[in-house]
Amino acid sequence: IISSKEQPVIQKLLDKKLDSFFDYDLIGSVEQIKSMTSPTQYEACFVVSGASSVPIHQVKPILEEIILRSPNLTWVHSYMAGVDYLFTDALIKSKSIVLTNARGAYDASLVEFVLLSIIYFAKKMHLFQKFKTEHKYQKLIVNDASNAKVGIIGYGSIGKNTAILLKKAINAKIYAIKSSPSSDPNDKELLHFIGQEADLPYVLSEVDYVVNILPLTPKTQHYFNMSVFKQMKSSAVFINIGRGSSVVEEDLVEALKTGIIYGAGLDVYDVEPLPSGSPLYDLDNVLMSPHSMGNTMLYWDHCLESFEEELKNFTSKKPFKNTVDLSKRYQQILSLMLC
Amino acid sequence: SDVYKRQVSTQSTWDFIMEKIGSKFKLAIMTSKGHPMLKKILASKLDTYFDYDIVESLDQVKAMPTATEYNAIFVLTVASAIPFPMVPVILQELIVRSPKLTWVHSMSAGVDYMLCEALIKSKTITFTNARGAYDRSLCEYVLLSILYFTKKMHILQKNKAEHKYQMLLVDNAWDNTKVGIIGYGSIGRNTAKLLKQSINAKIYAIKATPTTKPEDKDLIDFLGQEKDIPYVLSEVDYVINILPYTPRTKHVFTLSVFKQMKPTAIYINIGRGATVVETDLIEALNTKVIAGASLDVFEKEPLPSTSPLFDMDNVLISPHTMGYTMHGWDYCLSAFEAELKNYVEKTPFTNTVNLEKGYQSSSITVSYTHLTLPTSDLVQISVVAVSLKKK
């Protein structure tokens, strides 16, 4: 298990005595696996790094070492639906490992954070919070969040659920950017505009809120830089619930400091934990969450349920419910790397 | 809200009305020159249908003849230069000088701050307000407050100030939030609607009387009266105070009331500061009787800089502004225009405030048992007037 003891799913797993089905080791670092006798006896690997002491960028190197040292390994399970974070060479090239992931356990709480960020800045709460520290009582005319124009960059499952909530709650006008055209007929009703990458400048120039939900790939790394922020309205707010590394963080700081954008709601950072020296801490127009907006008991319950389901399949030698086609993903990664 | 369905009248409608009534009526607008709403009224050319004077001060009223020609008064004092304590004083003087007066319209929803003896005792004046005009913005502030505390942002913002990065567990708001609405009227109804749509909240409503509108059936999960307040307070995660300020609701939120709430619960006030004993609220927060508060109104406004509320991490402070957005002025204009139409066409007003029977004629929330203001309030007003004169 790639995780640490305090991780909520691990706690639940032990409470439910699921460890009666298996012997396990908690692997937290590359050093730890390297110090073990090789080859190992591991038959399966459960990756549940979120909200653990294992940083997301460490998962690939740890998994690589585990796979190289574990000839009996036939199953890897990802705690979340996204799997890009664990695509290590050994996994992609393996002929004997099946990869499963969590079925549609979408981050309801994460989507609520987007709504919170929107209303927070619409009501100028960041200014009132600053006044509060100065014991200042000063009236300002605030804005309605209703009918806000919201851009969703990276329109997948979370993006769709974000659009649904924002439409319901504040009748938001949604401008979605998707890597490939939408095949869902409901999108026409739900979305005001849907486009691809070429349409990004248009969307950025139109919307009041930009929500980043891009997955981390070689192409999306450091995608949001100063030139992108400059395409946004100066009254617009940037909300990041995707990956911190999709943003050039010093450009974001500069854009916030100099009024190129109005504010930011952040759940993720380039380096996590965010170092205490980061200028982001001192910016009044930043709503800051330490990657906790998806950290709810409900979410972890879903993650455990998914793992449990596949565990039952594994131990009874039945077909898995949610496999990820590694060969297809290999092709995708290859084509992305060639871009 | 009905306000959303109001449309700006077309030119032909107004021409038809003007033909019917023949001449313009005389309107006194209590406000300051340059008030944003005044600009909107003039931009909409509504002044084509009335002759108006801007009434800015008590001196101005006192210099008027003993019998003015005013048929109506529009009170547009919020966000004007007229201080709150002077509003009922000026209104009183204006009403007693205006024998032809039949209509007073308030640009705000709450009217407690403008009540004067002449208005309360009058048998000939109809009093209307902008009920519903500010609901949308206020509802959004309630939703913001709920999400803020559900996501533990008060803790995270404190950590941010200390440059501390520490993951913590937060809650889902959807289908996981119980809300008590104390004083369920137009704002309460719209709040319930928004909270149901956005987070599927469970709504516990407290109303003075059990009468409801048909749409409340799908909005209210528990409907109670004053006697049910302890039950509601013991159940809910968020308590929303939307009580109007009347003699009966003054200082109803005391420490013993806060103690009936869950220690994990949050208190939200978008009603009136005077319905709370503010020192008790501060003590409840200090001694962790409740977990936090989100306040748009205070006993004394502006909130003095010495207030301990400014130093509390688990308190959101808004300077009585959450009802006022750019759209709020549009709805306010629509409300005024709708009643203007009713006035000139002699059709029934939409939102009358009936001071004899209760606070709102269309949905009675609190009943007056007396027609006069409590003596102490009158004394307060007189003292203010005297001290201003001396200056």
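Definitions and cut-offs
- Residues numbered from 1 in each chain as written.
- Chains lettered and ligands numbered in written order.
- Predicted model: local features only at pLDDT ≥ 70, side-chain atom pairs only at ≥ 80, totals over all residues.
- Heavy atoms only, no water.
- Helix = DSSP H or I, 4+ residues; strand = E, 2+ residues; numbered from the N terminus.
- Buried < 20%, exposed > 50% of the residue type's maximum accessible area, 1.4 Å probe, protein only.
- Contact = heavy atoms within 4.5 Å.
- Areas by Shrake-Rupley, 256 points an atom, 1.4 Å probe, with all protein chains shown as cover.
- Phe/Tyr/Trp six-rings, centres within 6.5 Å; stacked < 30°, edge-to-face > 60°.
- Salt bridge = Lys/Arg side-chain N within 4 Å of Asp/Glu carboxyl O.
- pLDDT = per-residue confidence, 0-100.
- Expected span 1.5 Å × (residues − 1).
- Pairing = 2+ DSSP bridges.
- Right-handed = clockwise from strand over helix to strand, strands pointing away.
- Polar contact = N/O pair within 3.5 Å; in protein donor to acceptor, adjacent residues only side chain to side chain.
- Axes fitted to C-alpha atoms, helices over the stretch in contact; angles between N-to-C directions.
- Parallel < 35°, antiparallel > 145°, perpendicular 65-115°, else oblique.
- Left-handed = near helix turned anticlockwise from the far one by under 90°.
- Nonpolar A, V, L, I, M, F, W, Y, C, P; charged D, E, K, R; others polar.
- Core = buried A, V, L, I, M, F, W, Y, C linked by side-chain atoms within 4.5 Å.
- Buried area = accessible area lost by both parts, 1.4 Å probe.

Student: Can you tell me about the overall build of chain B, naming the residues and giving the values?
Tutor: Scanning chain B for helices and strands turns up 13 helices and 12 strands. Here chain B holds 391 residues, and the buried ones make up 58% of them. Sequence-distant contacts, at least 24 apart, represent 70% of the contacts inside chain B between residues at least 6 apart. When the accessible surface of chain B is summed, it comes to about 16,500 Å², and 55% of that surface belongs to carbon and sulfur atoms.

Student: Please provide a residue-by-residue account of the packing of aromatic side chains, values included.
Tutor: According to the stated counting rule, one finds 39 aromatic pairs over all chains in the structure shown. Taken together, a centroid distance of 6.2 Å and an interplanar angle of 85 degrees make the contact between A:Phe22 and A:Tyr24 edge-to-face. Exposure remark for A:Phe22: the relative accessible area of 18% places this residue in the buried category. Geometrically, the ring pair formed by A:Phe314 and A:Phe320 is stacked, given 6.3 Å between the ring centres and 10 degrees between the ring planes. Residue classification places A:Phe314 among the partly exposed positions, given a relative accessible area of 24%. Chaining the aromatic ring pairs together yields one cluster made of B:Phe25, B:Phe50, B:Tyr52, B:Phe74, B:Trp103, B:Phe336, B:Tyr343 and B:Phe349.

Student: Tell me what's going on with the pattern of salt bridges, and back it up with residues and numbers.
Tutor: Opposite charge on two side chains allows them to pair when their charged atoms are near. One pass over the full model with this rule turns up 33 salt bridges over all chains. Salt-bridge contacts for A:Lys130 lead to A:Glu134; the nearest nitrogen and oxygen are separated by 3.2 Å. Relative accessible area serves as the criterion here: at 40%, A:Glu134 is assigned to the partly exposed category. One network of salt bridges, in which partners are shared, links A:Lys123, A:Asp144, B:Arg136 and B:Glu140.

Student: Tell me about the confidence of the model for chain B, and please be specific about residues and values.
Tutor: All names here are of chain B. When pLDDT is averaged across chain B, the result is 86; 85% of the residues are at 70 or more. In this model residues 1-9 is a low-confidence stretch, pLDDT under 50, and it forms 18 contacts with partners more than four residues away in sequence or in other chains. Scored below 50 in pLDDT, residues 357-391 makes 60 contacts in the model with residues more than four places away or belonging to other chains. Predicted complex, confidence summary: ipTM 0.91, pTM 0.85.

Student: For helix H8 (residues 186-199) of chain B, give the residues involved together with the corresponding values.
Tutor: The end-to-end C-alpha separation of H8(B) is 20 Å, in line with the 20 Å expected for 14 residues at 1.5 Å each. The buried count for H8(B) comes to 12 of 14 residues, which makes it a mostly enclosed element. The secondary structure elements touched by the buried residues of H8(B) are helix H5 (108-122) and helix H7 (157-170) of chain A together with helix H6 (135-150), strand E6 (178-182), strand E7 (202-206) and strand E9 (238-241) of chain B. Looking one or two places after H8(B), you find B:Asn200, whose phi comes out positive at around 50 degrees.

Student: For the pairing of strand E8 (residues 237-240) of chain A, give the residues involved together with the corresponding values.
Tutor: All names here are of chain A. Residues Val 237 and Ile 239 line one face of E8 and the alternating positions Phe 238 and Asn 240 line the opposite face, and both faces are buried. Here strand E7 (residues 209-212) runs beside E8; their pairing, made up of four bridges, is parallel. In the sheet register, Tyr 209 faces E8, and the bridge partner there is Val 237. Between the parallel pair E7 and E8, the chain is carried across by helix H10 (residues 226-231), and the sense of this crossover is right-handed. Bridging between E8 and strand E9 (residues 263-266) involves four bridges; their strand directions are parallel. Residue pairing for E9: Ile 239 is matched across the bridge by Gly 265. Traced from E8 through helix H11 (residues 249-257) to E9, the parallel crossover comes out right-handed.

Student: Explain the side chain of A:Ser4 to me, using residue names and the numbers behind them.
Tutor: Residues and elements named next belong to chain A. Among the secondary structure elements, Ser 4 is positioned in the segment before helix H1 (8-15). Assessed through its relative accessible area of 8%, Ser 4 is described here as buried. A polar contact of 2.9 Å, which involves the side chain of Ser 4, links it to the backbone nitrogen of Ser 53. Setting aside residues up to four positions removed in sequence, Ser 4 forms contacts with Ile 10, Leu 26, Ser 52 and Ser 53.

Student: Which residues make up the packing of H1(A) against helix H12 (residues 297-315) of chain A, and what values go with them?
Tutor: All names here are of chain A. It is at 9 Å that the axes of H1 and H12 come closest, and there the two elements cross at 60 degrees. When the axes of H1 and H12 are compared, the pair comes out oblique. Remark: the crossing between H1 and H12 carries right-handed chirality. Judged by residue contacts, Pro 8, Val 9, Lys 12 and Leu 13 of H1 engage Met 297, Trp 300, Asp 301, Cys 303, Leu 304 and Phe 307 from H12. Here the contact of H1 with H12 is built from residues that sort into eight nonpolar, no polar and two charged.

Student: How would you summarise the nonpolar core if you had to cite specific residues and measurements?
Tutor: If you look at the biggest cluster of nonpolar residues, it comprises 135 residues, and the most contacted ones within it are A:Val150, B:Ile73, B:Leu119 and B:Leu195. It is H5(A) that provides the largest number of residues to this core, a total of 11 residues.

Student: Help me get a handle on the sheet that holds E7(B), residues and values and all.
Tutor: Residues and elements named next belong to chain B. One open sheet holds the seven strands; their spatial order is E8-E7-E6-E9-E10-E11-E12, and the pairing between them is parallel. Each edge of the open sheet carries a strand with a single partner, namely strand E8 (222-224) and strand E12 (315-317). Averaged over all pairs of adjacent strands, the angle between their axes in this sheet comes to 15 degrees, without regard to strand direction. Looking at chain direction, E9 and strand E10 (residues 266-269) are connected through four bridges and run parallel. Counted as the bridge partner of Val 239 is Tyr 267 from E10.

Student: How would you explain the interface of chain A and chain B if you had to name every residue and give the values?
Tutor: On the chain B side, the residues contacting the 55 residues of chain A number 51 residues. Taking both partners together, chain A and chain B bury about 4,700 Å²; carbon and sulfur atoms supply 62% of that area. Ranking the residues of chain A by area buried against chain B places A:Lys132, A:His135 and A:Tyr137 at the top, with a combined share of 17%. For B:Lys151, the salt bridge is made with A:Glu112, and the minimal N-O distance between the two is 2.7 Å. Where chain A packs against chain B, one counts 28 residue pairs in polar contact (both at pLDDT 80 or more).

Student: Before we move on, could you go through H5(A) and cite the residues and values that matter?
Tutor: All names here are of chain A. Spanning 15 residues, H5 covers 22 Å between terminal C-alpha atoms, matching the ideal 21 Å at 1.5 Å per step. Within H5, 15 of the 15 residues are buried, leaving the element largely enclosed by the surrounding structure. Following H5 by one or two positions, Lys 124 adopts a phi angle in the positive range, close to 55 degrees.

Student: An account of the sheet that holds strand E3 (residues 98-101) of chain A is requested, with residue identities and associated values reported.
Tutor: Residue and element names in this part refer to chain A. Strand order in the open sheet formed by four strands is E1-E2-E3-E11, with mixed pairing between adjacent strands. The outermost strands of the open sheet, each flanked by one partner alone, are strand E1 (44-47) and strand E11 (323-324). As judged from the two bridges shared by E3 and E11, these two strands associate in the antiparallel manner. In the strand pairing of E11, Leu 99 is matched with Val 324.

Student: Requested: an account of the environment of A:Lys317, with residues and values cited.
Tutor: Residue and element names in this part refer to chain A. Tracing the backbone through its elements, the reader meets Lys 317 in the loop between H12 and E11. Overall, Lys 317 belongs to the exposed group, its relative accessible area being 77%. Here the alpha-carbon distance between Lys 317 and Asn 171, two residues 146 residues apart in the chain, equals 48 Å.

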